[in-house]
Amino acid sequence: MKTILIAGANRGIGREFVRQLATSDWTVHATARDARGLEALSGTCEAVHRLDITDDDSIASLAAELKGVAFDAVFANAGISGDVTLPIEAIDYDEMFRVFNTNTFGPLRLIAALKANLMAGEKRLALGMSSLMSSISSNDWGTQHCYRASKTALNATWRSLSQEWRPDGISCVLLRPGFVKTDMTNNQGMDVETSVAGMISVIETLGLADSGRVIGYDGKDVAW
Ligand SMILES: NC(=O)c1ccc[n+]([C@@H]2O[C@H](COP(=O)([O-])OP(=O)(O)OC[C@H]3O[C@@H](n4cnc5c(N)ncnc54)[C@H](OP(=O)(O)O)[C@@H]3O)[C@@H](O)[C@H]2O)c1
């Protein structure tokens, strides 16, 4: 059995990962940030942990709780969109920080804290959740300043991490789910089942040669 930790798993795409992996050869650890989220995950997987990805103490508690547990993959899926409608003149920089703190700093905090767990695993996959909105070259319609920038920055840092951790045999890969029907999109887009099934197929093939890539649920690379 392979073991994965999925952060931000109580609803949306993360929750669907837990559901689909429950009948696979993956053992799943899932996180949620409050009692309601933990309750939603109760009984669905091997273990459930409390985690607010923006909170250093919460990250430290998780790392202490998981000391000695080997993970083949750690997936920083948790994310927020913030207010994607704001024009630049109206952007509140506290809000911009909140989006970056969740989407960019959070995954870095998590993956750094759990590096020893990945080193103890076999597949050594450090997975981040990107988006087509991260792509600068595909951005020909604007909008979503905070969200786009937070995911572009995530890509940049994950790419650096891919170089830094290559000697350790850790593959640092970003996934793109497509436009998916969840709370984040007001339930518009493709079915979450299709997106997650695609991403699981991608994850099954990943190795060190893929480190530094941004890969879609359809197996295609996302342009930088
Ligand atoms: N849906 C799409 O079309 C789409 C497209 C591209 C990329 N993505 C990315 O996919 C990921 C999942 O999105 P989704 O559509 O499933 O969104 P969602 O339904 O809104 O779920 C977001 C998840 O992240 C968790 N989360 C948010 N802030 C957190 C924090 N500070 N600490 C820990 N967990 C936190 C939420 O927990 P709570 O319930 O506690 O809030 C929830 O479990 C995100 O990174 C998103 O940017 C989504």
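Whatever comes next refers back to the structure up there.
A brief structural summary. (Residues numbered from 1 in each chain as written. Predicted model: local features only at pLDDT ≥ 70, side-chain atom pairs only at ≥ 80, totals over all residues. Heavy atoms only, no water.)

## A word on the overall build of the chain
Inclusion rule: Put simply, DSSP marks the helices as runs of H or I at least four residues long and the strands as runs of E at least two long, and each gets a number from the N terminus on. The classification of residues rests on relative accessible area computed with a 1.4 Å probe and restricted to protein chains. Under 20% of the type maximum is buried, over 50% is exposed, and intermediate values are partly exposed. In what follows, a contact means two residues having at least one pair of non-hydrogen atoms within 4.5 Å. Only the protein chains shown count as cover for residues, and all accessible areas are computed by the Shrake-Rupley method using a 1.4 Å probe. Within this scheme the basic residues Lys and Arg register as positive and the acidic residues Asp and Glu register as negative, but His and the chain ends are omitted. Lys charges are placed at NZ, Arg charges at CZ, Asp charges at CG and Glu charges at CD.
If you tally the helices and strands in the chain, you get seven helices and seven strands. Along the chain, helices (α) and strands (β) appear in the sequence β-α-β-α-β-α-β-α-α-β-α-β-α-β when read from the amino end. Overall, the chain is about 50 × 40 × 35 Å in size when its C-alpha atoms are taken along their principal axes. Here the chain holds 224 residues, and the buried ones make up 49% of them. Taking the intrachain contacts of the chain between residues at least 6 apart in sequence as the baseline, contacts between residues at least 24 apart amount to 65%. When the accessible surface of the chain is split by element, carbon and sulfur atoms take 51% of a total near 10100 Å². The positive charge centre, built from 21 side chains, and the negative charge centre, built from 27, are 4 Å apart in the chain.

## A word on unusual backbone geometry
Positive phi is not limited to glycine here, since Arg 124 has a value of about 55°. With respect to the helices and strands, Arg 124 occurs in the loop between helix H5 (115-119) and strand S5 (125-129). With a relative accessible area of 22%, Arg 124 lands in the partly exposed category. Positive phi is not limited to glycine here, since Asn 187 has a value of about 60°. As for its placement among the helices and strands, Asn 187 is situated in the loop between strand S6 (171-176) and helix H7 (192-205). Asn 187 gets classed as partly exposed once you look at its relative accessible area, which sits at 48%.

## Things to note about the packing of aromatic side chains
Heads up, the rule is: Note on ring pairs: Phe, Tyr and Trp rings are taken, using the six-membered ring of Trp, and paired if centres are within 6.5 Å. Classes follow the plane angle, with under 30 degrees stacked, over 60 edge-to-face and the rest tilted. A ring is scored as having a charge over it whenever the NZ atom of a lysine or the CZ atom of an arginine sits within 6 Å of its centre and within 35 degrees of its normal.
Applying the stated criterion across every chain yields a total of three aromatic pairs. Judged by centre distance (5.9 Å) and plane angle (50°), the ring pair of Phe 97 and Phe 105 falls under tilted. Using a relative accessible area of 48% as the deciding quantity, one classes Phe 97 as partly exposed. The rings of Phe 97, Phe 100 and Phe 105 are connected pair by pair, giving a single aromatic cluster. For the cation-ring pair, Arg 148 lies above Trp 141, with the distance from its terminal atom to the ring centre recorded as 4.8 Å.

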